[in-house]
Amino acid sequence: LRLVCLSFLIWSDAHGQEVNDTLSVNDVNDTTGSPSEIVSTTTLARSACHVACDGLSALQATMTDLKTRDAEGEDVTLLDQCMAVQRHVEAVQCLLQGPGKVEDSCISVSTSLEVLKANCVMVGRDILTPLIESTYPATRCTLCEVASGQIRHVSVPEGLLQCEMFCSQDVGCRGFDFDTLRGFCRTWSACTSRSNTYGCQWTVYDRPAWQYQTLAPSTTQQATNETEPIDTFDTKRQAIAVSAALLHRIHFAAFALWQGVLLALLGTLSG
């Protein structure tokens, strides 16, 4: 996390053309300012890359904020970083797929984003897609353990908001879990046992209590699918298989990915 954020900040300093003209020496050396003040000075840096990708300054401000929070002792996870970057999807798309991809002054930041993109896949996030969030409270990196009679609906592939809709329209639904990698949606009448061992592509969403209806859920069929009945054992087996594959990739790919960040960082410094 520190390396990825640092590469953004060094890139900003190396290519900023208005910062030194705007800030006095005392301002630059002052490290007692609030995080918001530090962010505001960072976003003054402008370059040809900022012109090519209009949202880059906001993206840099977000990365600066993450670095500040991490330095202050907050547990800023890779998932936090990926979701934060997804909020700036237009800038990310510009840097990785648009004009920023062929702009020389964007090379360093684009390289860092490519590394971050590869890491984010391991926690079920694609930074080239916008962040979509459920209105239900979320428990990240967790899924519901399969128990007899508790699954009400399964569908794949499905969107997160569509999965929430299935639950909201079901009298007996008390929440759902969702796999962002496959769009795997499962709604539940109860989620009494949970596991955090299957990877951060899974999230549990608990239906707010105020939405519960007093009517008995006698008219809602349990464990329904448009095509065929649910094999609960197979559902769990698929979750384990996906998680095992991700853990394998994390174990063997982490060194190469972070080595790429270091190379990008060294390239920025030498430039």
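Residues numbered from 1 in each chain as written. Predicted model: local features only at pLDDT ≥ 70, side-chain atom pairs only at ≥ 80, totals over all residues. Heavy atoms only, no water.

**Structural notes on the state of the cysteines**
Working step 1: Taken as a whole and assessed by the stated rule, the structure comprises 7 disulfides.
Working step 2: Between the sulfur of cysteine 163 and that of cysteine 185 lies a disulfide, 2.0 Å long from S to S. Its torsion about the S-S bond being 85°, the disulfide of cysteine 163 and cysteine 185 is classed as right-handed. In this pair, cysteine 163 sits in helix 10 (residues 160–168) while cysteine 185 sits in strand 5 (residues 184–188), placing the two residues 22 residues apart along the sequence. Here cysteine 163 and cysteine 185 have matching classes, each one buried. (Disulfide = S-S within 2.5 Å. Helix = DSSP H or I, 4+ residues; strand = E, 2+ residues; numbered from the N terminus. Buried < 20%, exposed > 50% of the residue type's maximum accessible area, 1.4 Å probe, protein only.)

**Section: the packing of helix 7 (residues 78–86) against helix 9 (residues 107–121)**
Working step 1: The geometry of helix 7 relative to helix 9 is characterised by a closest axis approach of 10 Å and an angle of 120° between their N-to-C directions. Considered as vectors, helix 7 and helix 9 are oriented oblique to each other. At the point where helix 7 passes helix 9, the crossing takes the left-handed sense. Mapping the contact onto sequence places Leu78, Gln81, Cys82 and Val85 in helix 7 and Leu113, Leu116, Asn119 and Cys120 in helix 9. (Axes fitted to C-alpha atoms, helices over the stretch in contact; angles between N-to-C directions. Parallel < 35°, antiparallel > 145°, perpendicular 65-115°, else oblique. Left-handed = near helix turned anticlockwise from the far one by under 90°. Contact = heavy atoms within 4.5 Å.)

**Re the pairing of strand 4 (residues 175–179)**
Successive residues of a regular strand alternate their side chains across the two faces of the sheet.
Working step 1: Counting buried residues in strand 4 gives 5 out of 5 residues, a clear majority hidden from the surface.
Working step 2: Alternating positions in strand 4 separate into two faces, Gly175, Asp177 and Asp179 on one and Phe176 and Phe178 on the other, with burial throughout.
Working step 3: Where strand 4 and strand 5 come together, 5 bridges link them in antiparallel fashion. Residue pairing in the sheet places phenylalanine 176 in a bridge with threonine 187 of strand 5. (Pairing = 2+ DSSP bridges.)

**Points about the pattern of salt bridges**
Working step 1: Applying the stated rule across the entire model yields 8 salt bridges.
Working step 2: Among the ionic pairs, aspartate 65 bridges to arginine 69, the shortest N-O distance being 3.6 Å. Highlighted residues: aspartate 65 and arginine 69, both in helix 6 (residues 56–71), separated by 4 residues, approximately one helical turn.
Working step 3: The class of aspartate 65 is partly exposed, set by a relative accessible area of 30%.
Working step 4: Here aspartate 177 makes a salt bridge to arginine 186, at a shortest N to O gap of 2.7 Å. Arginine 186 carries the same exposure label as aspartate 177, and that label is buried.
Working step 5: Connected through salt bridges with shared partners, the residues Asp65, Arg69 and Glu74 form a single ionic network. (Salt bridge = Lys/Arg side-chain N within 4 Å of Asp/Glu carboxyl O.)

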